[in-house]
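# Topology and contacts: notes
What follows is the residue order along each chain.
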Amino acid sequence: MSLSQDDVKKVSLLSRLLLTEEELTTMTEQMSDIVGYVEQLNELDTTDVEPMAHAVEQFNVFAADERAPSLSRDEALANAPKRDDECFRVPAVLGE
Amino acid sequence: MSESLYEIVIGLEVHVQLATQTKLFCRCSTQYGAPPNTQTCPVCLAMPGSLPVMNRTAFQLGLKTACALNLQIPNFTKWDRKNYYYPDLPKGYQISQYDLPMSQDGFLLITDPKGQFEPRKVGIIRAHLEEDAGKSMHDEAAGKADSRIDLNRTGTPLLEIVSEPDMRSPLEAKAYLTELKLILEYLGVSDCNMQEGSLRVDANVNLHLQTPEGKVATPIVEIKNMNSFRAVERAIAFEAERQYEVWLETKQKIGDVAKQTRGWDDQAQVTRAQRYKEESSDYRYFPEPDLAPVTTTDEEIAAVKAELGELPRQIRDRLEAQYKIPAYDADVIVNQGQTTVNYYETLAKNSGDGKLASNWVQQEVLRVLKERSLEIDAFPISTERLAELVKAVAGKEIDGTRAKDVFAEMLDSGKSAPEVMKEMGIEKVDDSELENLCRELLEANPKVLADLKEGTHKAVGALIGQAKKKNPNIDPGTFRQMCIDMSAKM
Amino acid sequence: MSLIHASAAQLLTQLESGEITSVELTKACLAQIDVADKQVGAFLKVMSESALEQAESVDTRRKKGEKLGRLAGVPVAIKDLLCTKGETTTCASKMLENFVPPYDATVIAKLKAADAVLIGKTNMDEFAMGGSTENSALGVTRNPWDLKCVPGGSSGGAAACLAASMAPLSIGTDTGGSIRQPASFCGVVGLKPTYGVVSRFGLIAFASSLDQIGPMARTAEDAAILLEAIAGYDPHDSTSANVKTPAYSQSVKQPLKGLRLGVVKEHFGDGLDSEVEQATREAINVYKSLGATVTDVSLPHSKYGIAVYYIIAPSEASSNLARFDGAHYGHRTNEAAMLEQLAQERAALEAAGDEVGLAKLDTSLVRMYRQSRAEGFGPEVKRRIMLGTYTLSAGYYDAYYLKALKVRRLIRQDYDAAFKDVDLVIGPTAPTPSFAAGTKTDDPLSMYLGDLYTVTANLAGIGGISIPCGFSKAGLPIGLQLQGPPLAEERLLQAAHMFQTATDWHQRRPELS
Ligand SMILES: [Zn+2]
C-alpha cells in the first residue's frame, strides 16, 4: 500500500512534527516503502493467536501507597526552556 | 417550557479522585493545595527514562467502588496509553484503560421519595482507573500570551465512571450524582470535594423528538466545566432548550455533525462552544508496555464485596423497616451521611420513638447544624440527652412547642432536659387536674360546647389558648381530645 | 600487557593486590582517549575530572582497608542515554543537548555503588535509532578497525571505545540488535540479557517492550563481571524480573559439558555475506571440537522479524518520544521567530481569503511543539515517529500493530520449540561486516535489514550475545551470535567464554595511527 502526501501531512500534525515540502516528499516515499515491506505479515493467518504486548508476561506488580520525597521546585523546573518562579511557561493553551 | 415536545437523553461521565496518600504511578503526595510544582518527581514530570509503578491502594479503592456500583469485575485488566499533546500532560500520553477496563456493566438505582420521577435503574457502562493531568493557568494578569503549568496534580489517581444515557431529566441527573457521591462517601473511597476537583462531571446530552417522519435524535453535545450538581442540573436544562432551538432551525440529526463540546458558563448561565480540533479524537490507544496487567480472582472479588458494609440504599430500607419511618425521612437522614445515621439510630433507640426521633433530627438537629455550619460529630447535645427530651415529648410530659424552647436552652446551657424542664416549671399535668380544667372551660363556654356536641370539633381551638393560660404545662393534643370526649357526655 | 589493553578481570586483581592504583588506570584510559578518540569519536563527553576524583576516592578507601564494590576503581563508559544525575544526558540528540537529569538511572546507581569509575558518555544513534551511529546529531564515530567504516549501532561509541582500548568496560542498550551488532562490527563482546534482567529505570526509552541494557567488554568474563554489577530486580521498573541474580563472574569460567547447539537454518539464507558465513561455520566447528553437539533448528517465523519489529518499535517510540515537546525540558524553538512566522502565514492566508487554510493554521502552542520537534529530532527519529503514529492511528491499528503483536507471539513460540531440543542457538550476528560510512544512509529499509538475525531475540524477550569469531579479508571483525532461552545468561556467558579459551580473535587490537 502506498501513502499519499496528504496522509503523511495528517500524520505529521498528529506527530507534532513540521515537515518541509521536500521532507514531505521523501517521507512519503520512504514510509510507503516500509509500509509496503511490513505488509508481508498479511501472508500469515493469525486468527487464533493471542497478541503479545510484553516481552515477558508478568502480572500484579504494585507499590505500597507510601509517600516518598518529591523533588524541590527548583529541581523540577531546572530543565524548563521557559519558567517563572513557580511554573513552567508555554504559549497560550487556549490559542488565539 | 417545551417538555412535551422532546425527551432529554442524558449520560454522565464522572471522574472521582481516589483517596490515596500518593499518586497512581509514583509516590508523590496527592495533598491538595500545595504550592505549584512542589509535589513532583521524575515519574510525574515525565522525565526521560522514568517508569510508572502502580499504586496498590488505588486499585483496591477502584475494586471497592466497582463492587458497590454492581459492576462486573473481569479476572484480567490492563493499562493503555491514550496519546495526545497538551502541556499539562507531560508524557504526551495519559495512562488509562481502553478495551479491557477493570469493571463494566453495572447500575445505580435512583429514587425520589417526593415522587418527582419514577424509580430508575441507571446503567453504568464501565468504571476504569486513569491518571489525572496537571493544571494550566492562563496568565491574564500579566497580559502575556503564556500559560503557566503546575504539575502537582499530574498522576493523581482517578476512577472514571461512565453511565449509560439512561437519565431523562436534569432532576434525574442530579439524583444520580447525589446518590453516586453518597455511595463514594460511605465507602470512603473519595472525599468527593467538587471545589478541589475531587469529583468532576461531564454530561452528554441530546434530544429525542417525535416528528411526522418518526422518532429523531439530535446530535450529542458534551458539556464540561460544571462545578456543582446545581450547575449540572441547570446546564442540562439550558442545553435541552438550546438544542431544541437548533433543531427547529437546522433539522440536524445525530451523525450529521461531529460531536460538539460545550463549556458551562456559570456566571452567564449558558453553555458555550469550545474550540474544535480536527485530529483531537485520534488517541492511538495501545497497551502500556511499562506496566504489568492485573489479575483478580473470584475469591478476591468476593472478599471485597464482603467487606463493603451497608450501602445507602440498604440503610434506607432498614431504617424504614426498623424504626417505622416514611421513605422520605429515611432518605433525608441517610443522605446526610453515616455519622448522621449513627446519631439518628442511637436517638431512636434511646427515645423509643423512631418517627419522633426522625422529626427531631430533621427539623431541629439539621437546622442547627446548618445555621452554625457544624458537622454532626460536633453537635452540642449528645444523643443520650436529646433522647430524654424526645422521650418526654413521646410521653406527653411536654408539648412540641415548649420542647423546642427546652431544646434551645439545652443547646446553649449544656444542661440536661430534666434540668431545663424543672427550671421552666414544666411537669406533666395529671389526668384529674386536666379533667377539672376541661369541665370548667366547657361550662364557661356554652357556645363552644354546643358546637362540639354538633360535631364541629374545630371549635375546641378557642379553649386551648385559655387552658394554656391557666396551666402552661397542659398538652394541647390531650386536652383537645378530652374536651371532645367530655362534651359528648355533657 | 599494558593497562589499557588488559581485561577488567586482570585489572581488578591488580587493583586489589595494590599492584596498580585506580588513578593510574584512569589516567591511562584518559590518555588513550586523548590520543585515539580524535580519530574514533567514541565519546560525546569525557568525564575526566569526576572520573579522577572517583578513582582517587577508591584508592584512598582501599588504603584505609574499607570494603569496596565489585568494580572498585575500574573505568566504565556509559552510553549517553542512561540518566546521570547532574551530568548532561543527550541521547545524541539536539533535543536533549542541554538536558541534565535530576536523578540517576538504576544502572548508574548500581555502578556507583560498585565503585566503578564513570569515565564518559559514549556516542550512539540518536535515541538509539539506527545501526551505524551515523544518526547521532552530536558527533561522528568511526570503526577503530577501519576509520572509513561505521562502528555499527546504535551502541557504536560503546563498542568503539572498547576496541580502541579507551575503556575496559562499557554499557550499551539493545532494542533490535544495538549491543550485538556494534560488538560484531568492532570485534568485542556484547550481551543483550533477557528482558527484565537489568532495570530500565532511567534508560531513556526507545521501544519500552524491547529495550534492554547490557554489558559490553572485550572478553566474556568481563561481560559477566559487568552484568553481575548491573543486573537485579528493581521495584522502580514494573517489568523488572523478580529473580535472584546469579554469580555470573564465578560461573562464567566453568565450561559447559554436553552443550547442545542449534544452527538456525534461516540465518544462513539470502543476504548473508560469504566471509561471514565461513567464519560462522568455522566457529561452529570450534564448538564441535570442544565437545558440543550441533544440530539444525528452524525458526520459521524469523523472516518476519524485521516487519514485526518495524511496526512495534516505531509505534512505541512515537508515544515514548511524545514527551519531547519543548514544554518542560529539552529544546524549544525560538518563540519570537516562531510567532513572527505564524503571523506572516496568517497574514498571507487572510490576504488570499483562504478560510480553510486559516482554520487549519496551527495555534502558537501547536506550532511551538511542531517547530521544536522538527528542529530537535533528526531524520531517522522523525521517520520512526511518523511511522509509529501512522501504524497506531485510527483504522490501521488492527492491520499493523495488532497483527505485529500476534506474529511476535509466533516468533516467541518458534524459540520455545527450538529450546526443547537445544541449549542455545547459534549463527551470525549480522549479515555483513561493517560497511563504509554514508553508503546506507539514504536507504533506511536496507539499513533495517541488517537487524535480521538480532531483532527476534528482542521480540521474544530472550538473551543473545555476540563474540568475535574472525575477520574479513578487508580486516573487519566478524561476530558470532548465541541466543538462549529466557534467563539463560549464565549459559550464554559460559559458552562464550569456552569459545574464547579456544580462540584468540578477542585478543586482537586495531592499529590506530
Ligand atoms: Zn511523582
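For the structure, check the block above.
An account of the accompanying structure is given in this report. Because the structure is a prediction, the values reported are computed rather than measured.

## Looking at the sheet that holds strand S11 (residues 477–483) of chain C
All names here are of chain C. The 11 strands are arranged S1-S3-S2-S4-S6-S5-S10-S11-S9-S7-S8 in an open sheet whose pairing can be described as mixed. A single partner strand is all that each edge strand has here, and the edge strands are strand S1 (43–46) and strand S8 (293–297). Adjacent strand axes in the sheet meet at a mean angle of 30° when their direction is disregarded. Sheet analysis places strand S7 (residues 260–264) next to S8, joined by 5 bridges and oriented parallel. Looking at S8, one finds that valine 264 is bridged to valine 297. The sheet contacts of helix H3 (residues 48–63) involve S1 and strand S3 (117–122), and relative to S3 the element is tilted by about 160°. On top of the sheet, helix H7 (residues 220–230) reaches strand S4 (169–174), strand S5 (189–192) and strand S6 (212–217); it is set at about 145° to S6, its chief contact.

## Looking at the side chain of arginine 408 of chain C
The residue arginine 408 of chain C is located in helix H15 (residues 398–421) in this model. Glutamate 316 of chain C provides the closest opposite charge to the buried, salt-bridge-free arginine 408 of chain C, at an N-O distance of 4.8 Å. At a separation of 3.5 Å, a polar atom in the side chain of arginine 408 of chain C contacts the main-chain carbonyl oxygen of alanine 53 of chain A. When near neighbours in sequence (up to four residues on either side) are disregarded, arginine 408 of chain C contacts Met52, Ala53, His54 and Ala55 of chain A together with Ser209, Leu210, Val308, Ile312, Asn458 and Leu459 of chain C.

## Some points on the coordination of the zinc ion
All names here are of chain B. Taken together, the protein ligands of the zinc ion are Cys26 (SG), Cys28 (SG), Cys41 (SG) and Cys44 (SG), with distances of 2.3 Å. Around the zinc ion sit 4 donor atoms; with metal-centred angles ranging over 100 to 117°, the donor geometry is tetrahedral. Positions of the donor residues of the zinc ion, expressed as sequence spacing, correspond to C-x1-C-x12-C-x2-C. In this pair, cysteine 28 is assigned in the loop between strand S1 (6–17) and strand S2 (54–55) and cysteine 41 in the loop between S1 and S2, connecting sequence segments 13 residues apart. A residue is classified by how much of its surface remains accessible, and cysteine 28, at 0% relative accessible area, is buried. Residue cysteine 41 is classed as buried on the basis of its relative accessible area, which comes to 10%.

## Here we look at the packing of aromatic side chains
Under the defined criterion, the tally for this structure stands at 31 aromatic pairs over all chains. Ring geometry for phenylalanine 127 of chain C and phenylalanine 324 of chain C: centres 4.9 Å apart, planes at 50°, overall tilted. Remark: phenylalanine 324 of chain C occurs in the loop between helix H10 (305–320) and helix H11 (335–351) and phenylalanine 127 of chain C occurs in the loop between S3 and helix H5 (156–163); sequence separation between them is 197 residues. By relative accessible area, which is 1% here, phenylalanine 324 of chain C ends up buried. Taken together, the aromatic side chains of Phe99, Phe127, Phe324, Tyr329 and Phe377 of chain C make up a single cluster linked through ring pairs. Its guanidinium or amino end placed over the ring of tyrosine 283 of chain B, lysine 82 of chain B lies 4.4 Å from that ring's centre, counting from NZ or CZ. Lying over the aromatic face of phenylalanine 268 of chain C, arginine 281 of chain C brings its terminal NZ or CZ to 4.3 Å of the ring centre.

## Describing the state of the cysteines
All names here are of chain B. Applying the stated rule across the entire model yields 0 disulfides over all chains. Considering cysteine sulfurs only, cysteine 67 is the nearest to cysteine 192, which forms no disulfide, with 17 Å between them. With a relative accessible area of 2%, cysteine 192 lands in the buried category. Unpaired in terms of disulfides, cysteine 483 finds its nearest cysteine sulfur in cysteine 438, a separation of 3.1 Å. Using a relative accessible area of 0% as the deciding quantity, one classes cysteine 483 as buried.

## Quick word on the interface of chain C and chain A
Chain C puts 67 residues into the contact, and the matching count from chain A is 53 residues. Buried surface at the junction of chain C and chain A, both sides included, amounts to about 5,500 Å², of which 66% is carbon and sulfur. On the chain C side of the contact with chain A, Arg370, Met386 and Arg409 of chain C bury the most area, a combined 14% of that side's loss. Joining chain C to chain A, the criterion identifies 3 salt bridges. For the side of chain C that touches chain A, the elements supplying multiple residues, two or more each, are H10, H11, helix H13 (364–376), helix H14 (379–392), H15, helix H16 (444–449) and helix H17 (455–460) of chain C.

Rules behind the numbers
Residues numbered from 1 in each chain as written. Chains lettered and ligands numbered in written order. Predicted model: local features only at pLDDT ≥ 70, side-chain atom pairs only at ≥ 80, totals over all residues. Heavy atoms only, no water. Pairing = 2+ DSSP bridges. Helix = DSSP H or I, 4+ residues; strand = E, 2+ residues; numbered from the N terminus. Axes fitted to C-alpha atoms, helices over the stretch in contact; angles between N-to-C directions. Contact = heavy atoms within 4.5 Å. Buried < 20%, exposed > 50% of the residue type's maximum accessible area, 1.4 Å probe, protein only. Lys, Arg positive; Asp, Glu negative; His and termini not counted. Salt bridge = Lys/Arg side-chain N within 4 Å of Asp/Glu carboxyl O. Polar contact = N/O pair within 3.5 Å; in protein donor to acceptor, adjacent residues only side chain to side chain. Donors = N, O, S within 2.8 Å, 3.2 Å for Na, K, Ca; no water. Tetrahedral: all angles 85-135°; square planar, octahedral: opposite > 155°, others 65-115°. Phe/Tyr/Trp six-rings, centres within 6.5 Å; stacked < 30°, edge-to-face > 60°. Lys NZ or Arg CZ within 6 Å of the ring centre and 35° of its normal. Disulfide = S-S within 2.5 Å. Buried area = accessible area lost by both parts, 1.4 Å probe.

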